[in-house]
Amino acid sequence: MKKIFLSVIAIITLSSCIISQKTDTKKVRLQFIRNATLKLDYNGTTFLVDPSLSPKNSFMSFVVPNKNLNPTIDLPLPIDNITKGVDALLVTHTHLDHFDEGAKTQLNPELPLFGQAFDKKTFEESPFKNITLIDHKQTYKGTTIIRTKGKHGPDQLIEALGEVSGFVLQAANHPTVYIVGDCLFDDEIKNTIKTYNPDIIVMNTGGAQWGGAKILMDEMDAIALAKFAPEAQIIAVHMEALDHCKTTREVLKQKAKEAHVAITIPKDGETLSL
Ligand SMILES: [Zn+2]
């Protein structure tokens, strides 16, 4: 009888520990800016992810040759409002919609910048001086930044499109965040989800077409990913800002509803508490 009583006490204590651990988990503030640019307050650091800060129609179209048609929309907020409070930059790759002239001219060049070795030359030619190329992982002010991989298109276009990264952020008492980057939904992404079990997944789902092929997840891939990670909060971005992106927020919203999956689709400038 005494044994049973002690076991019950042990279970109660263990459960309350688990509950209090859950309660202690800190919130993450994510402000979506435009396309893949987002401001993430995580473990006391404000990361600006994939800074593309140029005004509307300031860089090349991905559809019509020799025309500056991108981005197709302006920034939703004054630039100072976006750059204010930023502590560090995370750059998944250096295509213009992720790292542009606006970022190079508007941000403090002393800010720490984390990116991939493939973009070394582009970073060295930029004004940024404090560059860390992440091979696998790096710690910054108590946050572990893990570089993840993926493919920005089918095999025949990989050479033209180059290497891309994603990032997983981990910290004690914080939800694990996985920023997928410009990737197709494949086994690499599934393995990353299985390995890190993220609580929050930010996926780029514009369904971009280039070189006659899909080079970014579309609405059906988004639903497949959401079904693959049913416990995670899924945030979909990289829509309605570039001329080669075919998936709209409305299409994704409709398809997600039909498929009974929950996907959060922020408006430009919207802040989420996760
Ligand atoms: Zn992109």
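Note on numbering: residues in each chain are counted from 1, in written sequence order. Totals for whole chains, interfaces and linings use all residues, but because this is a predicted model, local features are given only for residues with pLDDT of at least 70 and pairs of side-chain atoms are given and counted only at 80 or more. Hydrogens and water molecules were not included; the side-chain quantities draw on all heavy atoms of the structure.

**Student:** Residue-level account of helix α6 (residues 187-196), with values.
**Tutor:** Only protein chains enter the area calculation, which uses a 1.4 Å probe; residues under 20% of their type maximum are buried, those over 50% are exposed, and those in between are partly exposed. Put simply, DSSP H or I for four residues or longer makes a helix, DSSP E for two residues or longer makes a strand, and each gets a number counted from the N terminus. Those residues of α6 that fall on the buried side of the exposure criterion are Ile189, Thr192, Ile193 and Tyr196. Buried residues of α6, seen end-on, are gathered within an arc of 95° and therefore sit on one face of the element. Facing away from the buried surface of α6 by more than 90 degrees, the exposed residues are Asp187, Lys194 and Thr195. In what follows, a contact means two residues having at least one pair of non-hydrogen atoms within 4.5 Å. Packing partners of the buried residues in α6 comprise β8 (143-150), β9 (164-170), β10 (177-179), β11 (200-204) and α7 (219-228). Side-chain atoms alone can form a polar contact between residues adjacent in sequence; in general such a contact is a pair of N or O atoms within 3.5 Å, and within protein one must be able to donate a hydrogen while the other accepts it. With a side-chain oxygen lying 3.1 Å from the backbone nitrogen of Glu188, the N-terminal cap of α6 falls on Asp186. Note on α6: the residue one or two positions beyond its end, Asn197, has a positive phi of about 50°. Along the arc lie the directions from the helix axis toward the C-beta atoms.

**Student:** A description of the pattern of salt bridges should follow, citing residues and the corresponding values.
**Tutor:** Any two side chains of opposite charge can pair, so long as their charged atoms come close to each other. Salt bridges are identified by distance alone: a Lys or Arg side-chain nitrogen within 4 Å of an Asp or Glu carboxyl oxygen. Per the stated rule, a full pass over the model turns up 11 salt bridges. One salt bridge in this structure joins Glu124 and Lys120, with 3.1 Å as the shortest N-O distance. Taken together, the positions of Glu124 and Lys120, both in helix α4 (residues 120-124) and four residues apart, correspond to about one turn of that helix. Given the relative accessible area of 42%, Lys120 is considered partly exposed.

**Student:** Before we move on, can you summarise the coordination of the zinc ion with the specific residues and values?
**Tutor:** Every protein donor of the zinc ion is listed here as Asp97 (OD), His98 (NE2), Asp182 (OD) and His238 (NE2), and their distances to the metal cover 2.1 to 2.2 Å. For Na, K and Ca the donor cut-off is 3.2 Å; for every other metal, N, O and S atoms count as donors within 2.8 Å. Water does not enter the count, which can leave sites looking incomplete. Donor angles set the geometry label: tetrahedral for four donors if every angle is between 85 and 135 degrees, square planar for four and octahedral for six if opposite donors exceed 155 degrees and the others are between 65 and 115, irregular for anything else. Taken together, the four donor atoms coordinating the zinc ion span angles of 86 to 159° at the metal, a pattern that classifies the geometry as irregular. Within one chain, the residues serving as donors to the zinc ion are arranged as D-H-x83-D-x55-H. Each of the two residues, Asp97 as well as His98, counts as buried.

**Student:** Help me get a handle on the packing of α7 against helix α8 (residues 249-259), residues and values and all.
**Tutor:** Here, axes are lines fitted to C-alpha atoms. For helices the fit covers the stretch in contact, and angles between N-to-C directions go from 0 to 180 degrees. Where α7 meets α8, the axes come as close as 9 Å, and the angle between the chain directions of the two elements is 45°. Taken together, α7 and α8 sit at an angle that is classed as oblique. The two elements α7 and α8 meet at a crossing, and its hand is right-handed. Packed against α7, whose contacting residues are Glu219, Met220, Ala222, Ile223 and Lys227, the element α8 presents Val251, Leu252, Lys255, Ala256 and Ala259 at the interface. Under this scheme an angle from 65 to 115 degrees is roughly perpendicular, one under 35 degrees roughly parallel, and one over 145 degrees roughly antiparallel; angles in between are oblique. In this scheme the crossing of two helices becomes right-handed for a clockwise turn of the near helix relative to the far one and left-handed for an anticlockwise turn of less than a right angle.

**Student:** Tell me about the state of the cysteines, and please be specific about residues and values.
**Tutor:** The bond known as a disulfide is covalent and runs between the sulfur atoms of two cysteines. Cysteine sulfur atoms are paired as a disulfide whenever they fall within 2.5 Å. Per the stated rule, a full pass over the model turns up zero disulfides. Unpaired in this structure, Cys183 has its nearest cysteine sulfur neighbour in Cys245, at a distance of 14 Å.

**Student:** Give me the lowdown on the pairing of strand β2 (residues 37-42), citing residues and values where you can.
**Tutor:** The two faces of the sheet receive side chains in turn, since in a regular strand these alternate between them. The buried count for β2 comes to five of six residues, which makes it a mostly enclosed element. Hairpin geometry of strand β1 (residues 29-34) and β2 is characterised by an intervening segment of two residues between the two adjacent antiparallel strands and by a positive phi of about 55° at Asn35. Strands were regarded as paired on the criterion that DSSP finds at least two bridges between them. What sits between the antiparallel neighbours β2 and strand β3 (residues 45-49) is a turn of two residues, in which Asn43 has the positive phi angle 55°.

**Student:** Outline unusual backbone geometry, listing residues and values.
**Tutor:** Residue Pro71 follows Asn70 across a cis peptide bond; omega there is -15°. Along the polypeptide, Pro71 turns up in the loop between β3 and α2 (79-83). A positive phi is found at Asp50, a non-glycine position, where the angle reads about 45°. Here Asp50 is to be found in the loop between β3 and α2.

**Student:** Kindly report on the side chain of Asp119, identifying the contributing residues and their values.
**Tutor:** As for its position among the elements, Asp119 is in the loop between β5 (113-115) and α4. Among buried charged residues, Asp119 stands out as having no salt bridge; its nearest opposite-charge side chain is Arg147, 8.0 Å away. Other than its neighbours up to four places away in sequence, Asp119 contacts Thr92, His93 and Thr94. For the charge count, each Lys or Arg is scored as positive and each Asp or Glu as negative, with His and the chain ends excluded.

**Student:** Before we move on, could you go through the packing of aromatic side chains and cite the residues and values that matter?
**Tutor:** Only Phe, Tyr and Trp rings are paired, with Trp represented by its six-membered ring, and only when their centres lie within 6.5 Å; those with planes under 30 degrees apart are stacked, over 60 edge-to-face, the remainder tilted. Going through the model one piece at a time under the given rule, you end up with six aromatic pairs. Arranged with centres 5.9 Å apart and planes meeting at 45°, the rings of Phe99 and Phe128 form a pair that is tilted. Placement of Phe99 in the loop between β4 (88-90) and α3 (101-106) and of Phe128 in the loop between α4 and β6 (131-133) is noted, with a sequence separation of 29 residues between them. On the accessibility criterion, Phe99 (2% relative accessible area) is buried.

**Student:** Before we move on, can you summarise the sheet that holds β9 with the specific residues and values?
**Tutor:** Judged by pairing direction, the sheet is mixed, and its six strands sit side by side in the order β7-β8-β9-β10-β11-β14 without closing on themselves. Of all the strands in the sheet, just β7 (137-140) and β14 (233-237) have a single pairing partner and so form its edges. With direction set aside, neighbouring strand axes in the sheet form an average angle of 20°. Pairing of β9 with β10, which is carried by three bridges, proceeds in the antiparallel orientation. Paired with Leu169 across the bridge in β10 is Val177.

Don't take any of this as a statement about function, it's just geometry.
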